[in-house]
Amino acid sequence: MNDIENGPLGLLLTRRSSLVKDMVAPGPDADALEDILTAASRVPDHGKLEPWRFIVCQGEGRKPLGDAIANAIAREDDTKTPEMIDRLREFPVRAPVLVIVVSSPNTESRIPVWEQHLSAGAACQNLLLAATAMGFAAQWLTGAAAYSAGVHEYLGLEAHEQVAGFMFIGTRSDRPLAERPRPDLGSVVSYQ
Ligand SMILES: Cc1cc2nc3c(=O)[nH]c(=O)nc-3n(C[C@H](O)[C@H](O)[C@H](O)COP(=O)(O)O)c2cc1C
């Protein structure tokens, strides 16, 4: 790598999510998590609305969330098998730290709600980048829990709020992680 690739551009060009199943302890401590959340909140934000908030779930706090997710989805979705419900119960405890990024748009503002959701997505990505830059493993997931009314109620979300991401942060295990196919720029870029 040349000097540019060793710097911030290198992070952008090589960042790769780590799978939650390959995450082990430790997660970020309080100081590291503060830096990660500071980076997550330093995102473009049309109208300075701060249309997102972060719910940190770690340690003992993860188990009751897992129970709430399992119970809510068992109630709401009768196609889920007991094995699937058990996997959902384990969802929050799979990594040391889980940050739930809540998109919380100001619906009274002249700024379109869509743009406010985009800012929440930027917060998720900044969180991933910060965690990766600090040497942690991180992955952005949603899944059924993100869309469950019962989970929203447990987390105290209001009707206009959405889960933008369950952001898992930990340390990578030794299991190797292959690169995944990346877009062919020719198919996603056009010029006018
Ligand atoms: C909004 C959003 C939700 C996602 N939810 C899931 C998910 O529920 N399950 C999953 O396997 N990957 C999910 N992903 C994909 C992973 O976060 C990640 O992109 C992928 O594992 C590897 O891509 P990367 O190495 O480029 O980050 C989601 C991505 C985004 C942007």
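Residues numbered from 1 in each chain as written. Predicted model: local features only at pLDDT ≥ 70, side-chain atom pairs only at ≥ 80, totals over all residues. Heavy atoms only, no water.

Asker: So what's going on with the nonpolar core? Residues and values would help.
Answerer: Side chains of nonpolar character tend, in soluble globular proteins, to be buried together. Ranked by internal contacts, the top residues of the largest apolar core, which has 26 residues, are Ile69, Ile100, Leu155, Phe166 and Phe168. Looking at this core, the elements that each hand over two or more residues are strand E2 (52-58), helix H4 (62-76), helix H5 (82-90), strand E3 (97-103), strand E4 (137-141), helix H7 (144-147), helix H8 (149-155) and strand E5 (162-172). The element that contributes the greatest number of residues to this core is H4, accounting for five residues. Every residue in contact with Phe168, bar those within four places of it in the chain, is listed here: Val20, Met23, Phe91, Pro92, Ala95, Val97, Leu98, Ala137, Ala138, Gln139 and Leu141. Counting residues in hydrophobic clusters, the runner-up holds 22 residues, among them Leu33, Ala40, Ala131 and Met167. (Core = buried A, V, L, I, M, F, W, Y, C linked by side-chain atoms within 4.5 Å. Buried < 20%, exposed > 50% of the residue type's maximum accessible area, 1.4 Å probe, protein only. Helix = DSSP H or I, 4+ residues; strand = E, 2+ residues; numbered from the N terminus. Contact = heavy atoms within 4.5 Å.)

Asker: Give a detailed account of the site of the ligand, specifying residues and quantitative values.
Answerer: All residues adjacent to the ligand are Arg15, Arg16, Ser17, Gln139, Trp140, Leu141, Thr142, Gly143, Arg180 and Arg182. At 2.5 Å, a backbone N or O of Trp140 approaches an oxygen atom of the ligand. Contacts to the ligand include Thr142, whose backbone N or O atom sits 3.2 Å from a nitrogen atom. Coverage of the ligand by the protein amounts to 61% of the 630 Å² it exposes when considered alone. Among the residues making up the shell around the ligand, the classes are represented as two nonpolar, four polar and four charged. (Near = heavy atom within 4 Å. Polar contact = N/O pair within 3.5 Å; in protein donor to acceptor, adjacent residues only side chain to side chain. Areas by Shrake-Rupley, 256 points an atom, 1.4 Å probe, with all protein chains shown as cover. Nonpolar A, V, L, I, M, F, W, Y, C, P; charged D, E, K, R; others polar.)

Asker: Which residues make up the packing of H4 against H5, and what values do they have?
Answerer: For the pair H4 and H5, interaxial distance at closest approach is 7 Å and the crossing angle is 150 degrees. In terms of orientation, H4 lies roughly antiparallel with respect to H5. The two elements H4 and H5 cross, and the hand of that crossing is right-handed. Counting all contacts with H4, which are made through Gly66, Asp67, Ile69, Ala70, Asn71, Ile73 and Ala74, the residues of H5 involved are Ile85, Leu88 and Arg89. Its residues placed into classes, the contact of H4 with H5 shows six nonpolar, two polar and two charged. (Axes fitted to C-alpha atoms, helices over the stretch in contact; angles between N-to-C directions. Parallel < 35°, antiparallel > 145°, perpendicular 65-115°, else oblique. Left-handed = near helix turned anticlockwise from the far one by under 90°.)

Asker: Any details on the pairing of E4? Residues and values, ideally.
Answerer: The buried fraction of E4 is high, at four of five residues. Relative to E5, E4 is paired through five bridges, and the arrangement is antiparallel. By the bridge assignment, Leu141 is partnered in E5 with Phe166. (Pairing = 2+ DSSP bridges.)

Asker: So, the packing of helix H3 (residues 30-40) against helix H6 (residues 113-133): which residues are in play, and what are the values?
Answerer: In the contact formed by H3 and H6, the axes pass within 7 Å of each other and the chain directions differ by 140 degrees. For H3 against H6, the interelement crossing comes out right-handed. Contact residues: Ile36, Leu37, Ala39 and Ala40 in H3; Ala123, Asn126, Leu127, Ala130 and Ala131 in H6. Split into classes, the residues belonging to the contact of H3 with H6 amount to eight nonpolar, one polar and no charged.

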